[in-house]
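# Structure assessment
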There are 2 protein chains.
Amino acid sequence: MTESSPAAEGVAFSDPSYRAAVVDLLGVIAYGEIAAFERLAEDAKLAPDLADKVALATMASAELTNVNKLRDRLEELGADPFEAMAPFSKALDSFHEHTAPSNWLEGLVKAYVGDGLARDFYAEIAAFIDVDTRELILDSLDNATHSQFVVDRVRSAIAEDPRVGGPLALWGRRLMGEALTQAQRVAADHDALSALLAGGVDRPGMDLAALGRMFNRLTERHALRMEELGLAH
Amino acid sequence: MTESSPAAEGVAFSDPSYRAAVVDLLGVIAYGEIAAFERLAEDAKLAPDLADKVALATMASAELTNVNKLRDRLEELGADPFEAMAPFSKALDSFHEHTAPSNWLEGLVKAYVGDGLARDFYAEIAAFIDVDTRELILDSLDNATHSQFVVDRVRSAIAEDPRVGGPLALWGRRLMGEALTQAQRVAADHDALSALLAGGVDRPGMDLAALGRMFNRLTERHALRMEELGLAH
């Protein structure tokens, strides 16, 4: 998925810094899914009717289901799952506080764009870890089946009143900005995660140029998602 | 399950009043589970830690999963699922408004007692309908796997501080009262459902005495649940 595809199959969990990085990674993803559950369940209240409410609530539940696999894996690694998640609550709660939707359509765009961004971002990082953990992570981030209804709803709202498109496009840009801000904060606060990206003696990593290209890829995929929603500019 | 066990296998869905009653029954149960999802997701915010929050959120998600089977069945019967649910929103929302927990333990007791009451009540009514629908209903009300943690948490809270028991016992009584109030309102407002309980030409029903015995059974099972929680008086 990344250019160098430096899958670190050979790395043993006996390396404490590698293990710490994987625990951090599983912890941040799990907390992210719990926070997403809470936020989507909350945003479902904005739904114009019961059918839409249930559709968003179902996306919320799917996030929560994914947490179980990550918990099991954390326990296998000898970590307390909730202790592993705790250090990430501040950054992720802060993301959601700064991006509380003010209406139903903003909630839908956030559900779609936020979920996609998280999936892309963690998939990039997962390229640096062992195959088993990588597959678990990719699997736990797969919510694609639930999101078609978001595309349908947003596109038909724009078809009905093209004026809603402009503010929603700005909203999408703001979501991306807030996500990058918090991702940077998480990386800065967690040495093990940063070290994972930087590589090690027998593990390939990213230099600054590669990091830049990764952010380019994330931005491009974000733009594609906005286009799918009918929010290209 | 009821004393006369008058399973109405022979009744055809070609009887419009029977079909209307089944649509009502599936509709009220489905709406009840959606409302329970919303309420449990909200009450999860009261959790003292992340593990407890996830446990209650998981109960919320289980409610929502059950809705799918009921939706499918409503569609098979040619009904719009959300139209079938709509007439029950007022009574069920009202129940939750009147029983908003003011702390985490009240939320737990409500999750356990409310879920159990709903299951018992619908199981009683399901005794009057065809086997297929009955099994679907019983299946969709089975959340037992998630509720052991409630018993553990409530019992250990009382063990730690016996003074919390008294108010929680009162709370349980209030939940029962509110549930009966709303159940009565639902029955009074929906002739098809009342007619189902009253029976018909080729369908057995309940007379007033049988209705009284049913309420006795519900009350007894409620008392057993309170006892399981350590809240007997």
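Residues numbered from 1 in each chain as written. Chains lettered and ligands numbered in written order. Predicted model: local features only at pLDDT ≥ 70, side-chain atom pairs only at ≥ 80, totals over all residues. Heavy atoms only, no water.

If you look chain A up in an unreviewed UniProt entry, it shows as Ferritin-like domain-containing protein from Nocardioides daedukensis.

## Examining the overall build of chain A
Rules: Runs of H or I in DSSP of at least four residues are treated as helices and runs of E of at least two as strands, each being numbered from the N terminus. Between the two quantities, the radius of gyration covers C-alpha atoms and the globule rule is 2.2 Å times the number of residues to the power 0.38. Between buried and exposed lies partly exposed: a residue is buried under 20% and exposed over 50% of the maximum accessible area for its type, with that area taken using a 1.4 Å probe on protein chains only.
A count of helical and extended segments in chain A gives ten helices and zero strands. Along its sequence from the N terminus, chain A presents helices and strands in the succession α-α-α-α-α-α-α-α-α-α. In terms of overall size, chain A behaves like a compact globule, its C-alpha atoms giving a radius of gyration of 18 Å where 233 residues would be expected to give roughly 17 Å. Seen along its three principal axes, the alpha-carbon backbone of chain A occupies a region of about 55 × 35 × 25 Å. Evaluated residue by residue, chain A yields a buried proportion of 54% over its 233 residues.

## Some points on the pattern of salt bridges
Applicable threshold: Every case where a carboxyl oxygen of Asp or Glu lies within 4 Å of a side-chain nitrogen of Lys or Arg is listed as a salt bridge.
If you walk through the whole model with that rule in mind, you get 26 salt bridges over all chains. Note that Lys45 of chain A is salt-bridged to Glu42 of chain A, the shortest N-O span being 3.3 Å. Between Arg225 of chain A and Asp120 of chain A there is a salt bridge; the shortest N-O distance is 3.1 Å. Of the two residues, Arg225 of chain A sits in helix H10 (residues 208–228) while Asp120 of chain A sits in helix H5 (residues 104–126), which places them 105 residues apart along the sequence. By relative accessible area, Arg225 of chain A is classed as buried at 7%. When salt bridges that share partners are traced, they join Glu42 and Lys45 of chain A together with Glu42 and Lys45 of chain B into one network.

## Digging into the environment of Gly177 of chain A
Relative to the helices and strands, Gly177 of chain A resides in helix H8 (residues 165–189). As for Gly177 of chain A and Pro101 of chain A, which are separated by 76 residues in sequence, their C-alpha atoms are 15 Å apart.

## Structural notes on the interface of chain A and chain B
It is common to report an interface's size as the accessible area lost on association of the parts. How we decide: Any pair of residues with heavy atoms lying within 4.5 Å of one another is described as a contacting pair. The term buried area refers to how much accessible surface (probe radius 1.4 Å) is lost by two components on association, counted for both of them together. Think of a polar contact as two N or O atoms within 3.5 Å of one another; within protein, one of them needs to be a possible hydrogen donor and the other a possible acceptor, and neighboring residues in sequence only count if both atoms come from side chains. Charged means Asp, Glu, Lys or Arg here, nonpolar means Ala, Val, Leu, Ile, Met, Phe, Trp, Tyr, Cys or Pro, and polar covers whatever is left, Gly included.
Facing the 19 residues of chain A at the interface are 19 residues of chain B. Summing both sides of the interface, chain A and chain B together bury roughly 1600 Å²; the carbon and sulfur share of this comes to 73%. Of all residues in chain A, the largest losses of buried area upon contact with chain B belong to Leu50, Val54 and Phe82 of chain A, amounting jointly to 29% of the total for that side. Applying the counting rule to chain A against chain B returns four salt bridges. For the interface between chain A and chain B, the tally reads five residue pairs in polar contact (both at pLDDT 80 or more). Sorting the residues of the side of chain A that touches chain B by element identifies helix H1 (16–43), helix H2 (50–76) and helix H3 (81–85) of chain A as the ones contributing at least two each. Residues that form the side of chain A that touches chain B fall into these classes: twelve nonpolar, two polar and five charged.

## What to know about the relation of the copies chain A and chain B
Going by this rule: Residues below a pLDDT of 70 in either copy are left out; the C-alpha atoms of the rest, at least 70 in both, set the least-squares superposition of the copies.
Superposing chain A onto chain B takes a rotation of 180° plus a shift of 0.0 Å along the axis, which leaves an RMSD of 0.0 Å. The superposition of one copy onto the other is thereby described by a two-fold rotation axis. Residue Ser61 of chain A of chain A places its C-alpha closer to the rotation axis than any other residue of that unit, at 2.6 Å. A high fraction, 100%, of the interface residues of chain A reappear at the interface in chain B, so the copies pair face to face through one surface.

## Notes on the packing of H5 of chain A against H8 of chain A
Residue and element names in this part refer to chain A. The criterion, for reference: Interaxial angles span 0 to 180 degrees and are taken between N-to-C directions of axes, which are lines fitted to C-alpha atoms, for helices over the stretch in contact. Oblique is the label for any angle not under 35 degrees, not over 145, and not in the 65 to 115 range, which are roughly parallel, roughly antiparallel and roughly perpendicular in turn. Handedness of each helix crossing follows the sense of rotation of the near helix against the far helix: counterclockwise by less than a right angle gives left-handed, clockwise gives right-handed.
Interaxial distance between H5 and H8 falls to 10 Å at its minimum, and their mutual angle equals 40°. In terms of orientation, H5 and H8 fall into the oblique class. For H5 against H8, the interelement crossing comes out right-handed. Within the contact between the two elements, H5 uses Leu105, Glu106, Val109, Lys110, Val113, Leu117 and Phe121 and H8 uses Leu168, Trp171, Leu175, Met176, Ala179 and Ala183. A breakdown of the residues in the contact of H5 with H8 according to their chemical character gives eleven nonpolar, no polar and two charged.

## A look at a negative patch on the surface
All names here are of chain A. Cut-off, in case you're wondering: The residues that make up patches have over 30% relative accessible area and no salt bridge, and they are joined within 9 Å when like-charged or within 5 Å when they are Val, Leu, Ile, Met, Phe, Trp or Tyr. Residue-level accessible areas treat just the shown protein chains as cover; the underlying method is Shrake-Rupley with a 1.4 Å probe. Here Asp and Glu are counted as negative and Lys and Arg as positive; His is not counted, and neither are the chain ends. We put the charge of a Lys on NZ, of an Arg on CZ, of an Asp on CG and of a Glu on CD.
A cluster of acidic residues, Asp72, Glu75, Asp80 and Glu83, forms a negative patch on the protein surface. Inspection of the secondary structure puts Asp80 in the loop between H2 and H3. Note on Asp80: relative accessible area 38%, which makes it partly exposed.

## Overview of the packing of aromatic side chains
Here is the rule we go by: We call Phe, Tyr and Trp rings a pair once their centres come within 6.5 Å, taking the six-membered ring for Trp, and we label the pair stacked below 30 degrees between planes, edge-to-face above 60, and tilted otherwise.
Inspection of the entire model under this criterion finds three aromatic pairs over all chains. Relative to Phe37 of chain B, the ring of Phe37 of chain A has its centre 6.2 Å away and its plane inclined at 80°; by these criteria the two rings are edge-to-face. Linking Phe37 of chain A in helix H1 with Phe37 of chain B in helix H1 (residues 16–43), this pair reaches from one chain into another. On the accessibility criterion, Phe37 of chain A (2% relative accessible area) is buried.

## Brief notes about the environment of Ala187 of chain B
Residue and element names in this part refer to chain B. With respect to the secondary-structure elements, Ala187 resides in helix H8 (residues 165–189). Look at Ala187 and you get partly exposed, because its relative accessible area is 29%. Here the alpha-carbon distance between Ala187 and Ile29, two residues 158 residues apart in the chain, equals 13 Å.

## Points about H8 of chain B
Along an α-helix, a turn takes 3.6 residues, which lines up residues three or four apart on a common side. All names here are of chain B. Formally: The span expected for a helix works out to 1.5 Å for each residue beyond the first.
Between the first and last C-alpha of H8 there are 36 Å, a value that for 25 residues agrees with the 36 Å anticipated at 1.5 Å per step. Residues of H8 that are buried: Gly165, Leu168, Ala169, Trp171, Gly172, Leu175, Met176, Glu178, Gln182, Ala183 and Val186. Turning to H8, the residues buried within the fold contact helix H4 (89–98), helix H5 (104–126), helix H7 (148–160), helix H9 (191–198) and helix H10 (208–228).

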